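Geometric and topological summary
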Amino acid sequence: MTATDLYARAQAVLRLNDTGEFTKPSPRQYPHQWNWDSAFIALGLAHFDLPRALVEIRSLLRAQWRDGMVPHIIYPNGASDYFPPPDFWQTENLPHAGNVPSSGLTQPPILSTIVRMIYKNSEFGVRNSESRILISELRTPNSEFPQLLAWHRWLHTARDVDGTGLPCLIHPWESGMDNSPLWADALDRITLRDLPPFKRRDTIHVATDERPLATDYERFVHLIDLGRRLRWEPRALLDQMPFLVQDVLFCAILHRADEDLRALAIELGEDTREIDDWLARTRAVFNARFWDDARGLYLDYDVRAQSPIRVNANATFAPLFAGLASKEQAARLVAEHFDNPREYAPAADSKYRLPSVAKNERGYSPRRYWCGPVWIQMNWIIAHGLRRYGYHAQADALVRDSLALVAQSGFREYFDPRDGSGCGATDFSWSAALTLDMLSY
Ligand code: DGY
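Residues numbered from 1 in each chain as written. Predicted model: local features only at pLDDT ≥ 70, side-chain atom pairs only at ≥ 80, totals over all residues. Heavy atoms only, no water.

1. Notes on the overall build of the protein
The condition is simple: Think of it this way: any DSSP run of H or I at least four residues long counts as a helix, any run of E at least two long counts as a strand, and we number them from the N terminus. The quantity called the radius of gyration is restricted to C-alpha atoms. Its globule counterpart is 2.2 Å times the number of residues to the power 0.38. Per-residue accessibility, obtained with a 1.4 Å probe over protein chains only, is compared with the maximum for each type, and a residue is labelled buried under 20%, exposed over 50%, and partly exposed between these values. Two residues form a contact once any of their heavy atoms are found within 4.5 Å. All accessible areas in this document rest on Shrake-Rupley with a 1.4 Å probe, and a residue is counted as covered only by the protein chains that are shown. Under the counting rule used here, the positive set is Lys and Arg, the negative set is Asp and Glu, and His together with the chain ends is not counted. Working definition for charges: the position is that of NZ of Lys, CZ of Arg, CG of Asp or CD of Glu.
Summing up its helical and strand segments, the protein has 17 helices and nine strands in all. Here the C-alpha radius of gyration of the protein, 20 Å, is about what a compact globule of 441 residues would show, namely 22 Å. With respect to the three principal axes, the spread of C-alpha positions in the protein is 55 × 55 × 45 Å. The proportion of buried residues among the 441 residues of the protein is 63%. Sequence separation of at least 24 residues holds for 71% of the intrachain contacts in the protein that already meet a minimum separation of 6. Total accessible area computed for the protein in this model is approximately 15,900 Å², and 49% of it derives from carbon and sulfur atoms. Where the 49 positive side-chain charges of the protein centre and where its 56 negative ones centre are 1 Å apart.

Here's what the structure looks like:
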């Protein structure tokens, strides 16, 4: 397939999933608005329809809670056959919630980075004149900047349990990596009590063996039930949720987003002192908290268990995206892990980069959602990180494999690293959006 054909097909997927105000991640499996999906989608849209990209960003921020949180699922179009439906979250009428029906959770805050990338048009192929319109809109009183700032502030304060400003996640869905083996031990410790009745709907459109296990879902629902009993009040959640982790991917994305928000602040003539403080605090604690020098890996931290989560998932490469690794740490990540055929590099047991979990991990499962398949947005994040440290050959390989996967199997949600076959939802928006982006460099 030619690059022109691929580009046209990617555009068609975004058009198919476009509701006018927001873009569904996929037509059947995810028929509402998701937080980081919308951000990636906006980047893809910006390549051919900048005004529509702006609408995507604004519709997401319109759902911001009064306390600053930007929720992970937004239901502007009411209920559907998706579980959980909007009323399951019991977020309506909370004094700190927003005006649009939503979940009570958040998701990786990549939005400021995307806004800045769209603004830095020269790198991303958006034409100059259009980009100037965007930046002039950013300067208006209703601009996105204060909303982005409020969200970052909420993450660094309302989710700060130890004074480091590293946000804690209260549910695996906040990481975006829902059923990763990263969470297995933390979820195993949860005792299920009074589980509310519920019916999973995610296996209507996707094969059961590509989705989380029933035991995972029970825990996902149990945690939602606890959150709603606590009225999604941040202090109570930090005190009482049995799942409480500091996640490498989430914290790295936030740090990179802080850098990008700072650049936007300078562009807009805003004070940067608060953002400077977040950046300095994260730099001061990140490596002490997450780096395991014996293994040469970044590991998540289980706050409730007070111990590192000793699972090798590809989120370990995310600190490169944020410039948080030293040159030596980056060299170890690449030589000992990225290029290691027992873990992530192609070998007899896998053809495509980058499995979401190292192939020699106990929980590795090449077709099951976040237990091993390749995800296009992880490849995109890690490729940017590798370039930041000068590993261009490795970054090129990730882009090449990503484009080969979508050309071979279509814009699927995730891909089996062994043969590149598609898994999960079809017509998946961020696979299409990031294809448009990757085709442009
Ligand atoms: C799902 O329904 O699987 C989503 O990932 C939750 O955010």
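2. Focus on the site of the ligand
Filter applied, for reference: Only a single heavy atom is needed: when it lies within 4 Å of a molecule or strand, its residue is near that molecule or strand. Each polar contact in these results corresponds to two N or O atoms within 3.5 Å; when the atoms are within protein, one needs to be able to donate a hydrogen and the other to accept it, and residues that are neighboring in sequence are counted only if both atoms are side-chain atoms. The classification used treats Ala, Val, Leu, Ile, Met, Phe, Trp, Tyr, Cys and Pro as nonpolar, Asp, Glu, Lys and Arg as charged, and all other residues, Gly among them, as polar.
Near the ligand, the surroundings consist of Tyr30, Trp34, His72, Tyr82, Trp173, Asp178, Arg211, Tyr217 and Tyr369. Interatomic distance of 3.1 Å between a side-chain N/O atom of tryptophan 34 and an oxygen atom of the ligand. A distance of 2.8 Å is found between an oxygen atom of the ligand and a side-chain nitrogen or oxygen belonging to arginine 211. In isolation the ligand has 230 Å² of accessible area, and contact with the protein removes 96% of it. Within the shell around the ligand, the residues separate by chemical class into six nonpolar, one polar and two charged.

3. Here's the deal with the pattern of salt bridges
Put simply, the rule is: The term salt bridge refers to a side-chain nitrogen of Lys or Arg lying within 4 Å of a carboxyl oxygen of Asp or Glu.
Following the criterion strictly, the structure yields 31 salt bridges and no others. A salt bridge links arginine 58 to glutamate 144, with the shortest nitrogen-to-oxygen separation between them at 2.7 Å. Of this pair, arginine 58 sits in helix α3 (residues 50–62) while glutamate 144 sits in the loop between α6 (128–138) and α7 (145–157), and the two are 86 residues apart along the sequence. Exposure remark for arginine 58: the relative accessible area of 30% places this residue in the partly exposed category. Owing to a relative accessible area of 2%, glutamate 144 belongs among the buried residues under this scheme. Here the residues in one salt-bridge network are Glu210, Arg367, Asp416 and Arg418, joined through shared partners.

4. Section: the packing of helix α2 (residues 35–46) against α3
The following threshold applies: Interaxial angle, 0 to 180 degrees, is taken between N-to-C directions of lines fitted to C-alpha atoms, where a helix line uses only the stretch in contact. Our angle categories are set so that under 35 degrees counts as roughly parallel, over 145 as roughly antiparallel, 65 to 115 as roughly perpendicular, and the remainder as oblique. For a crossing to be left-handed, the near helix must be turned anticlockwise from the far one by less than a right angle; the clockwise case is right-handed.
Two elements in contact, α2 and α3, have axes whose closest approach is 7 Å; the angle formed by their N-to-C orientations is 165°. Between α2 and α3, the angle is such that the two are roughly antiparallel. Pair α2 / α3 crosses with left-handed handedness. Residues Asn35, Ser38, Ile41, Ala42, Leu45 and Ala46 of α2 touch α3, and the partners they reach there are Leu50, Arg52, Ala53, Glu56, Ile57 and Leu60. Split into classes, the residues belonging to the contact of α2 with α3 amount to eight nonpolar, two polar and two charged.

5. Details of the sheet that holds strand β7 (residues 307–308)
Selection criterion: Two strands qualify as a pair provided DSSP detects at least 2 bridges between them.
Pairing in this open sheet of three strands is antiparallel, and the strands run β3-β6-β7 from one edge to the other. Whereas interior strands pair on both sides, the edge strands pair on one side only; in this sheet they are β3 (245–246) and β7. Pairing analysis gives two bridges linking strand β6 (residues 301–302) to β7, with the strands arranged antiparallel. Directly across from tyrosine 301, in β7, lies its bridge partner proline 308.

6. A closer look at the environment of valine 115
The topology assignment puts valine 115 in helix α4 (residues 111–119). Classification of valine 115 by relative accessible area gives buried; the value is 3%. Sequence separation between valine 115 and isoleucine 57 is 58 residues; the distance between their C-alpha atoms is 8.3 Å.

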